[in-house]
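Tertiary structure, described
Chain by chain, the residues run as shown.
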Amino acid sequence: MDYKSEYDRILKAVYDEKLYADKHLDRDTFASHMNLSRHTLNRILSSNTDGLSFPQWMNNIRIQRAGELLQDEPGKTIAKISEEVGLTPDNLRRLYRQKVGVTPSEYRYKKG
């Protein structure tokens with residue numbers, strides 16, 4: 001199996017179908033949706049993400065998408081953005097600070 005092309009297919013589905021918005025999405029459900037076994041999904045992610053687990057990988061995608069929304073839609077509330085990326089406002093704030101170094105509000109203020 002070509003793990004790189006499978007990874008590309010997975011990423012395309014995550015973004016095209018906005019799967020990151022499902023806050024209840026777990027590895028097993030996602031693997032099934034992608035017609036993969038849990039084991040195969042783990043191997044694909046591991047070989048393409050420096051060993052990130054499914055939750056870590058999905059949260060990275062959510063944070064990246066939140067950053068895009070913060071920049072592209074300045075009138076949208078942080079609460080609405082958090083909902084659109086499948087996180088609670090508190091989780092978005094915490095994860096965004098961990099990954100980016102500032103809160104979503106601070107990021108928006110600096111960009112504005």
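Just above sits the structure.
Below, the structure is looked at part by part.

Procedures and definitions
Residues numbered from 1 in each chain as written. Predicted model: local features only at pLDDT ≥ 70, side-chain atom pairs only at ≥ 80, totals over all residues. Heavy atoms only, no water. Helix = DSSP H or I, 4+ residues; strand = E, 2+ residues; numbered from the N terminus. Rg over C-alpha atoms; globule rule 2.2 N^0.38 Å. Buried < 20%, exposed > 50% of the residue type's maximum accessible area, 1.4 Å probe, protein only. Contact = heavy atoms within 4.5 Å. Areas by Shrake-Rupley, 256 points an atom, 1.4 Å probe, with all protein chains shown as cover. Lys, Arg positive; Asp, Glu negative; His and termini not counted. Charge placed at Lys NZ, Arg CZ, Asp CG, Glu CD. Phe/Tyr/Trp six-rings, centres within 6.5 Å; stacked < 30°, edge-to-face > 60°. Core = buried A, V, L, I, M, F, W, Y, C linked by side-chain atoms within 4.5 Å.

With respect to the overall build of the protein chain
Looking only at helices and strands, one finds seven helices and zero strands in the protein chain. Secondary structure elements of the protein chain, listed N to C terminal, follow the sequence α-α-α-α-α-α-α. Relative to the 2.2 N^0.38 estimate, which gives 13 Å for 112 residues, the radius of gyration of the protein chain is 15 Å and therefore close to what a compact globule would have. The principal-axis extent of the C-alpha atoms belonging to the protein chain is close to 45 × 25 × 20 Å. Residue burial in the protein chain is summarised as follows: out of 112 residues, 38% are buried. Taking the intrachain contacts of the protein chain between residues at least 6 apart in sequence as the baseline, contacts between residues at least 24 apart amount to 60%. Surface exposure of the protein chain reaches about 6600 Å², of which carbon and sulfur atoms provide 47%. Side-chain charges of the protein chain comprise 19 positive and 16 negative groups, with the mean position of each set lying 5 Å from the other.

What to know about the packing of aromatic side chains
Within this structure, the stated rule accounts for six aromatic pairs. Aromatic side chains Tyr-15 and Tyr-20 sit 5.9 Å apart centroid to centroid with 55 degrees between the ring planes, which places their arrangement in the tilted category. Arranged with centres 6.0 Å apart and planes meeting at 45 degrees, the rings of Phe-54 and Trp-57 form a pair that is tilted. Here Phe-54 pairs with Trp-57, and both are found in helix H4 (residues 54–72), just three residues apart, close to one helical turn. Each member of the pair Phe-54 and Trp-57 is classed as buried. Linked through ring pairs, Tyr-7, Phe-30, Phe-54 and Trp-57 together constitute an aromatic cluster.

Notes on the nonpolar core
In terms of nonpolar packing, the biggest core is built from 31 residues, with Ile-10, Val-14, Phe-30, Leu-41, Phe-54, Trp-57 and Leu-92 touching the most fellow members. Ignoring sequence-local partners within four residues, the contact set of Val-14 consists of Leu-19, Tyr-20, Phe-30, Trp-57, Met-58 and Ile-61.

Just distances and angles here, no functional claims.
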